Amino acid sequence: MTMLMGAMWPQLGSLIGSVMFAYAIFQQYFPYELRRPIQKYTQKLFGFLYPYIQISFDEYSGGNNDWRRKRSEVYAAIQSYLSTKSSTEAKRLKAQDVKDNNSLVLAMDDNEEVTDEFQGIKLWWTLTKSAPRQPSFSIYPQSDEKSHYKLTFHRRHRDIITGSYLDHVRKQGKAIAVSNRQRKLFINNPAQNWHYYKATKWSHVVFEHPATFETLAMEPKKKEEIVNDLIKFSKGKKYYAKVGKPWKRGYLLYGPPGTGKSTMIAAISNFMNYDVYDLELTAVKNNTELRKLLIETPNKAIIVIEDIDCSLDLTGQRKKKDKDEEDKEEKDPVSKMRDGEETKKSEVTLSGLLNFIDGIWSACGGERIIVFTTNYVDKLDPALIRRGRMDKHIELSYCCYEAFKVLARNYLDLESHELFGSIERLLGETNMTPADVAENLMPKSDEESDESCLKKLIEALEAAKEEARVKAEEEAKIRAEEELKLKAEKEAKPKAEEEAKLKVEKEEKEKDESAKDEVKCTHCNGTSTKQGAKENGVIH
Ligand SMILES: Nc1ncnc2c1ncn2[C@@H]1O[C@H](COP(=O)(O)OP(=O)(O)OP(=O)(O)O)[C@@H](O)[C@H]1O
Ligand SMILES: [Mg+2]
């Protein structure tokens, strides 16, 4: 047998050589008009002998050099769909994602084949990778290497496969992806790193924030309203299409520090099962890059810009300016956004940001929530937060009694306590952020009882109340002093006017008297005074 094979190889080699030689002759010497029909019939013959159809699904839509190129959703769905089949069939597997750190998601490796069956029809899936056409010498792996899935099936099943089978793969794939999904927290990379390995615009870590709407302390009515709004949004695909609006929603969260703005973002992400894209505006060079980042965000994403009022406060990046101008800007950080062209690093302008939120590009993709947070809502440009851009304005304020009850349940597992009454009264009398209330409620050792935690909170509330009282008193004192000063100034004004009037009158009187002293002189035509005449050597 081995001998037989050994004898066959040279023959096979010479056969391939002859075929290639004949094909080269055919390409070179056959006139074009003759070549066309011959090629046509060869393809027909090939089709007759090989009755299979192949469909390929590229990983990226758009060309290699196209910066808009985007990972194909169908490709991702096929990948998830095949992950269940390949783990039992394929011999070479790739471990892809780790879910909850305790299970692996397996996918087929390159050039592996997996068989599938649909309504009794057999099909084959292969994953192939094609190298770039122009070889480049780079220490980094090729970023333009193309992966694609190839589906092969008999041509007589064409309608079923292109219709119901592919639809089935897409739906199943998406469902599997959702169940395997591990939520991620993304942050934008500085633009100078975009051309490095894999050219990623966003880096991510696994998102594991435990905040939920149950643990979020705020008025129950307000909370319910937000939850209902989110539910309506998630089901709103058809509605948004009907009214002709891109499927996105803007939330503006505002309030003092420590009132739960960031916590609410985490709760929204956990509730909606969306990834969070935390956009650091200061790392974005200009409006074009901002747009590229937007295009790179997929569906089911929360795009967050925290502290929007100072996001473009590029300390040390601005040119030297007049003192007055700087003072003015310090009071109004948002005005800095308007003149992005003056910054050295970030040239993102307010108009760029407005376009990012609801320009034409923002309609690429859907099911996105954009969240801005700020401590100073009054300082924001009205254009930035108008409805349509920021559809829902949510105020997170100081801790009310209802919010305290949620915190007591979270931190101490307490539903009620005799001290709750005093706390309710104190919360009505003074302002304390949920962050401070939570800190006081948290036991600092195993020995600390619920009651001592509540007492600690009462003490803190009383201290805050006292502090607020002293502050208010001081403010009232300053105000009273200012008023007194103003009153004194008011009274002093007529007196000063009177004095000025008297002074003018006195001056005029003195002038008159000196005029009387003037003497007429024949030698100087009577214009000189006695003194002047003496000086000029005139003797009267
Ligand atoms: N409403 C709330 N419900 C539950 N916990 C809260 C709430 N507000 C604040 N906290 C607690 O206080 C901490 C700080 O809250 P958070 O970071 O959400 O405040 P913030 O409003 O984003 O503040 P900043 O404006 O400074 O960013 C959180 O870790 C959380 O434990
Ligand atoms: Mg915050």
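In the annotation of an unreviewed UniProt entry, the protein chain is listed under the name AAA+ ATPase domain-containing protein and assigned to Rubus argutus. Quoted straight from UniProt, the Catalytic activity (unreviewed entry) entry for the protein chain says "ATP + H2O = ADP + phosphate + H(+)". Among the UniProt annotations of the protein chain, the heading Cofactor (unreviewed entry) holds the following wording: "Mg(2+)".

A. Spatial organisation of the overall build of the protein chain. Summing up its helical and strand segments, the protein chain has 17 helices and 15 strands in all. The contacts of the protein chain with a sequence gap of at least 6 include a subset with a gap of at least 24, amounting to 67%. Carbon and sulfur atoms provide 53% of the accessible area of the protein chain, an area that totals close to 34500 Å².

B. Layout of the site of ligand 1. Close to ligand 1 lie 15 residues, the nearest being Ala 217, Gly 258, Lys 261, Ser 262 and Thr 263. A distance of 2.7 Å separates a nitrogen atom of ligand 1 from a polar backbone atom of Ala 217. Here Lys 261 contributes a side-chain N or O atom positioned 2.7 Å from an oxygen atom of ligand 1. In isolation ligand 1 offers 620 Å² of accessible surface; the protein chains occlude 72% of this area. Elements with a minimum of two residues in the shell around ligand 1: helix H7 (261-272), helix H13 (401-412) and helix H15 (434-441). It is H7 that contributes the most residues to the shell around ligand 1, 3 residues altogether. Taken together, the residues of the shell around ligand 1 sort by class into 7 nonpolar, 7 polar and 1 charged.

C. Looking closely at the packing of aromatic side chains. Applying the stated criterion across every chain yields a total of 14 aromatic pairs. Their ring planes at 40° and their centres at 4.9 Å tell us that Tyr 75 and Tyr 149 sit as a pair that is tilted. You can see Tyr 75 sitting in helix H3 (residues 73-89) and its partner Tyr 149 sitting in strand E8 (residues 146-154), a full 74 residues away along the chain. Here the two residues Tyr 75 and Tyr 149 agree in accessibility, since each one is buried. Arranged with centres 4.2 Å apart and planes meeting at 0°, the rings of Phe 186 and Tyr 277 form a pair that is stacked. Taken together, the residues Phe 186 in strand E9 (residues 184-188) and Tyr 277 in strand E12 (residues 275-278) connect sequence positions 91 residues apart. On the basis of relative accessible area, Phe 186 is assigned to the buried category, the value being 10%. Residue classification places Tyr 277 among the buried residues on the basis of a relative accessible area of 3%.

D. Focus on the sheet that holds strand E1 (residues 52-58). Strands sit in the order E1-E8-E7-E6 across an open sheet of 4 strands; the sheet is antiparallel. Sheet topology places E1 and strand E6 (113-118) at the edges, where each strand pairs with a single neighbour. Averaged over neighbouring strand pairs, the angle between their axes works out to 25° when direction is ignored.

E. The arrangement of the sheet that holds E12 in detail. Strand order in the open sheet made by the 7 strands is E10-E9-E12-E13-E14-E11-E15, with mixed pairing throughout. The open sheet has two edge strands with one neighbour each: strand E10 (202-206) and strand E15 (392-395). Averaged over all neighbouring strand pairs, the angle between strand axes comes to 25°, with direction disregarded. Where strand E13 (residues 301-305) lies against strand E14 (residues 368-374), 5 bridges are found, and the strand directions are parallel. Residue pairing across strands places Ala 301 opposite Arg 368, the latter belonging to E14. Seen against the sheet, H7 touches strand E11 (248-254), E12, E13, E14 and E15 and runs at an angle of roughly 170° to E14.

The rules behind the values
- Residues numbered from 1 in each chain as written.
- Chains lettered and ligands numbered in written order.
- Predicted model: local features only at pLDDT ≥ 70, side-chain atom pairs only at ≥ 80, totals over all residues.
- Heavy atoms only, no water.
- UniProt positions renumbered as here; feature names shortened; annotations may be inferred.
- Helix = DSSP H or I, 4+ residues; strand = E, 2+ residues; numbered from the N terminus.
- Contact = heavy atoms within 4.5 Å.
- Areas by Shrake-Rupley, 256 points an atom, 1.4 Å probe, with all protein chains shown as cover.
- Near = heavy atom within 4 Å.
- Polar contact = N/O pair within 3.5 Å; in protein donor to acceptor, adjacent residues only side chain to side chain.
- Nonpolar A, V, L, I, M, F, W, Y, C, P; charged D, E, K, R; others polar.
- Phe/Tyr/Trp six-rings, centres within 6.5 Å; stacked < 30°, edge-to-face > 60°.
- Buried < 20%, exposed > 50% of the residue type's maximum accessible area, 1.4 Å probe, protein only.
- Pairing = 2+ DSSP bridges.
- Axes fitted to C-alpha atoms, helices over the stretch in contact; angles between N-to-C directions.

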